[in-house]
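Commentary on secondary and tertiary structure
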Amino acid sequence: MLISLIQQTKNDYTNGKFVSFTPYETHIGFHLATFEEAINFNNYHEGIHLGFMMNIRKFV
């Protein structure tokens, strides 16, 4: 699902389905004013999860 979800998001963005975005401030203080900023933050956020998973794997 990971790959198909990325492709669907790209298709939706290209087809203009994201017409409005409500600015949002994350609980750690990132202010997201645009959809593009939200996508970039999501990549950062998922990287944090990946880092935790890689560290947990060392203990298993």
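This section reports on the structure supplied with the text. These numbers were taken from a predicted model, which means no experiment stands behind them.

The subject of this paragraph is a nonpolar patch on the surface. A cluster of nonpolar residues, Ile-28, Phe-30, Tyr-44, Ile-48, Phe-52, Ile-56 and Val-60, forms a patch on the protein surface that exposes about 740 Å² of accessible area. Examined against the element boundaries, Ile-56 turns out to sit in helix α2 (residues 35-59). Overall, the relative accessible area of 52% leaves Ile-56 in the exposed class.

A complete count under the given rule lists 5 aromatic pairs for this structure. Taken together, the ring pairs connect Tyr-13, Phe-18 and Phe-35 into an aromatic cluster.

Turning next to the layout of surface pockets. Here the largest pocket is characterised by a volume of approximately 400 Å³. Lining the largest pocket are Leu-2, Leu-5, Ile-6, Thr-9, Lys-10, Tyr-13, Phe-35, Glu-36, Ile-39, Asn-42, Asn-43 and Glu-46. Elements that contribute at least two residues to the lining of the largest pocket include exactly α1 (2-14) and α2. Each residue belonging to the lining of the largest pocket can be placed in one class, and the counts come to 6 nonpolar, 3 polar and 3 charged.

This part is about the side chain of Thr-26. Position of Thr-26 relative to the elements: it lies in the loop between β1 (24-25) and β2 (31-32). Contact partners of Thr-26, with chain neighbours within four places excluded, come to Leu-32 and Phe-41.

Throughout the structure, instances matching the rule amount to 1 salt bridge. A salt bridge links Lys-17 to Asp-12; the shortest N-O distance between them is 3.7 Å. What makes Lys-17 exposed here is its relative accessible area of 57%. Given the relative accessible area of 15%, Asp-12 is considered buried.

Reading the values: the criteria
- Residues numbered from 1 in each chain as written.
- Predicted model: local features only at pLDDT ≥ 70, side-chain atom pairs only at ≥ 80, totals over all residues.
- Heavy atoms only, no water.
- Patch = residues over 30% accessible without salt bridge, like charges linked within 9 Å, V, L, I, M, F, W, Y side chains within 5 Å.
- Areas by Shrake-Rupley, 256 points an atom, 1.4 Å probe, with all protein chains shown as cover.
- Salt bridge = Lys/Arg side-chain N within 4 Å of Asp/Glu carboxyl O.
- Helix = DSSP H or I, 4+ residues; strand = E, 2+ residues; numbered from the N terminus.
- Buried < 20%, exposed > 50% of the residue type's maximum accessible area, 1.4 Å probe, protein only.
- Phe/Tyr/Trp six-rings, centres within 6.5 Å; stacked < 30°, edge-to-face > 60°.
- 1 Å grid on protein atoms, 1.4 Å probe; cavity = no way out; pocket = protein on both sides within 12 Å on 5 of 7 lines; lining within 4 Å.
- Points joined across faces, edges and corners; volume = space filled by probe spheres on them.
- Nonpolar A, V, L, I, M, F, W, Y, C, P; charged D, E, K, R; others polar.
- Contact = heavy atoms within 4.5 Å.

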